[in-house]
Each structure stands twice: as structure tokens, then as C-alpha cells.
Amino acid sequence: MQTALLVFAKQPIPGAVKTRLTTLLTSEEAADLYTAFLKDALAQYATLGADIRLYVAPPGNIPPEWLPESVRVFHQKGKGLGERMLFAFLETFKAGYERIAIIGTDHPTLPTTFLEMAFEALKDRYSMVIGPTDDGGYYLLGMNEWYPEVFENMTYSHPDVCEQTLGRMEETDATVTILPEWYDVDLPNDLSRLITDMAESPTQIAQNTRQFVKILTNRYPQLHYPIGK
């Protein structure tokens, strides 16, 4: 079965990415951190044996040195997130892929085993898989049949996104698998949590993020502890 991982990412433009971290970081630091996330995510995903289709917005060039050999670059198309994900899935199904999952880049310590579990769950026909985040969203969604109702007329960026999406999935004829919960790094407290996780994880994981986090902890000593505590 042809397998594809769709990676949704933004161009790392200061002021346009990781804006909720700018209560602590500068816009430039937030963009540099996002760049590190993107590089590390692509390196991690390239180990899966799937074709990696990087969908970026807005349209523009990604430096080729950031891209492992298995990565091809596409542009997101559509007015909102649901429409853009719908287009990416449809385009990828039309390209002949049979098992497709979509993911972002905001979770540098996400275990690779979760991604392997996702594609394993898609081996049987009429299957879908979702990976919840602790803020009510999801870090991964996958399917091996065309289920557009999962995305159509959905609203995003609220705490019930995963619950509502899961409800739509369960109304189809698909067998639905729920992956272990993880977290995105969107807020300063998430960044503190990431620093703790990285201190406890193997040093070869997320090298670019690890190096930039060292710079940030020197600039912002409060990152060694939960912000606000």
C-alpha cells in the first residue's frame, strides 16, 4: 500500500508563526524556534518509510538543505484549515496513495512509535486514526478511504476540535483508532514542558530544537520552571 504523510507547515516568517509564544520571546526568536521544529519534524518523519508531502503556506521556497530526500513540497490551497486539509487529502488520494495521515510540526518530542501506530491502524480498509492533543485539538489524523465529511464546514482553533472531529469519524463506516495524547508547543508553559521533556529524552532527538532551546534558556532563565509558578 502506498503510504503518505502530509506535513502542514507555515513559512517561518517572524510575526506569522508561534505568535502565542511572543508574550515571552521576540517574533524573531519564535520564528527561529519554529524553523527548528520544522527541520526536526522532517528529519523524524523521513525515518518512517512513507512519502513525505510538505504542504506549506503561504507559497514560497523552502531551503533544500532542510529537506530529506523523501520530502516533496506542495502549497496549501483553500480558504480555511479544513478546506486546505481536505484539498491535500484529495490531491494525495488522486496521486495513488492508499494510506494517508496529516500532521504538523509543533511537537518535537512526539514519539515516533505513535506515528508507526497510526500507519499500522490504517492497514485494514475503512479505517481512520486520530491523535489528540491535551488542548482539545489533534496532532495527527489519518484515513485510507475518502471521508470528506470529517473536514467539511468544521471550525478550528477551539477546545472541542478533537471531540467534534472524532464524533464525525464515528458516524462513518470506518474503524476509528485513537492514539495516545500528546501536546503542541504553543504557549510559554508548553515550552517549559518541552525543555523538561528534552532533558529526559535521548540527546539525538530533535537536535535543532535542542540547540536553540539551550540559547533560549540562557536568555530566559524562567524557562527552567513553569512560567507563572
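Please refer to the structure placed before this passage.
Residues numbered from 1 in each chain as written. Predicted model: local features only at pLDDT ≥ 70, side-chain atom pairs only at ≥ 80, totals over all residues. Heavy atoms only, no water.

K.L.:
Explain the packing of helix α5 (residues 188–200) against helix α6 (residues 207–219) to me, please; I cannot follow it from the model alone.
P.N.:
What describes two packed helices is the angle between their axes and the distance between those same axes. Following both chains from N to C, one finds α5 and α6 inclined at 120°, their axes separated by 11 Å at the closest point. Judged by the inter-axis angle, α5 sits oblique to α6. At the point where α5 passes α6, the crossing takes the left-handed sense. Between α5 and α6, the residues in contact are Leu-191, Leu-194, Ile-195 and Met-198 and Thr-209, Arg-210, Val-213, Leu-216 and Thr-217, respectively. Here the residues of the contact of α5 with α6 sort into six nonpolar, two polar and one charged. (Axes fitted to C-alpha atoms, helices over the stretch in contact; angles between N-to-C directions. Helix = DSSP H or I, 4+ residues; strand = E, 2+ residues; numbered from the N terminus. Parallel < 35°, antiparallel > 145°, perpendicular 65-115°, else oblique. Left-handed = near helix turned anticlockwise from the far one by under 90°. Contact = heavy atoms within 4.5 Å. Nonpolar A, V, L, I, M, F, W, Y, C, P; charged D, E, K, R; others polar.)

K.L.:
Any chance you could explain the layout of surface pockets here in plain terms?
P.N.:
The gaps of empty space that remain are located by a probe, the size of a water molecule, rolled over the atoms. Considering only enclosed or pocket space, the largest pocket measures out at about 1,200 Å³ in volume. Residue lining of the largest pocket: 37 residues in total, with Arg-20, Leu-81, Asp-106, Asp-184 and Asp-186 positioned closest to the centre. Elements supplying a minimum of two residues to the lining of the largest pocket: β1 (3–10), α2 (81–94), β4 (99–103) and β6 (138–143). Grouping the amino acids of the lining of the largest pocket by side-chain chemistry returns 17 nonpolar, ten polar and ten charged. If you trace the second largest pocket, you find 19 residues lining it, with Gln-44, Pro-108, Leu-110, Ile-205 and Ala-206 closest to the centre. Every element with two or more residues in the lining of the second largest pocket is listed here: α1 (27–45), α5 and α6. (1 Å grid on protein atoms, 1.4 Å probe; cavity = no way out; pocket = protein on both sides within 12 Å on 5 of 7 lines; lining within 4 Å. Points joined across faces, edges and corners; volume = space filled by probe spheres on them.)

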